[in-house]
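Examining the three-dimensional arrangement
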Amino acid sequence: MKLYRFLSGPDDSSFCHKVTAALNKGWHLFGSPTYAYDKQTKSMRCGQAVVKDVEGQEYGPNTKLSDW
């Protein structure tokens, strides 16, 4: 199965750690990162899509992406 996740977070080191953790679990960057201003929190937010291929498993609506 091919999995897709969109990681997002504040523009600080916690976002970088979130992406780094995903990469170390076998996820791969997909596309360019995003960067946008959040009017509600008056702060910048980052986003990055990641993908992962998992052999021998089937995707379903109950698949918990963070487990992979």
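Further up the page is the structure itself.
Below: a short report on this structure. Keep in mind that this is a model prediction, so the values were computed, not measured.

Details of the pattern of salt bridges
Using the criterion set out here, one finds one salt bridge in the structure. Between lysine 2 and aspartate 53 there is a salt bridge; the shortest N-O distance is 3.3 Å. One end of the pair, lysine 2, is in strand β1 (residues 2-10); the other, aspartate 53, is in strand β3 (residues 43-53), and 51 residues separate them in sequence. In this structure lysine 2 comes out as exposed when scored by relative accessible area, which is 58%.

Topic: helix α1 (residues 13-24)
Between its first and last C-alpha, α1 extends 16 Å over 12 residues, near the 16 Å set by a 1.5 Å rise per residue. Packing partners of the buried residues in α1 comprise β1, β2 (28-38) and β3. Positive phi shows up at glycine 26, right after α1, with a value of about 100 degrees.

Brief notes about the environment of cysteine 16
Of note, cysteine 16 is situated in helix α1. According to the relative accessible area criterion, cysteine 16 is partly exposed, its value standing at 47%. A sequence separation of 32 residues divides cysteine 16 from glutamine 48, and the C-alpha atoms of the two residues are 10.0 Å apart.

Some remarks on the sheet that holds β1
Strand order across the open sheet formed by three strands is β1-β3-β2, with antiparallel pairing between neighbours. Edge strands, defined here as strands with exactly one partner in the open sheet, are β1 and β2. Going from strand to strand, the sheet's axes swing by 15 degrees on average, the running direction of each strand aside. By the bridge criterion, eight bridges tie β2 to β3 in an arrangement that is antiparallel. Residue tyrosine 37 lies in a different strand from β3, and its bridge partner there is methionine 44. Of the strands in this sheet, β1, β2 and β3 touch α1, which is tilted by about 165 degrees from β1.

Structural notes on unusual backbone geometry
The backbone phi angle of lysine 42 is positive, close to 55 degrees, even though this residue is not glycine. The topology assignment puts lysine 42 in the loop between β2 and β3.

Parameters at a glance
Residues numbered from 1 in each chain as written. Predicted model: local features only at pLDDT ≥ 70, side-chain atom pairs only at ≥ 80, totals over all residues. Heavy atoms only, no water. Salt bridge = Lys/Arg side-chain N within 4 Å of Asp/Glu carboxyl O. Helix = DSSP H or I, 4+ residues; strand = E, 2+ residues; numbered from the N terminus. Buried < 20%, exposed > 50% of the residue type's maximum accessible area, 1.4 Å probe, protein only. Expected span 1.5 Å × (residues − 1). Contact = heavy atoms within 4.5 Å. Pairing = 2+ DSSP bridges. Axes fitted to C-alpha atoms, helices over the stretch in contact; angles between N-to-C directions.

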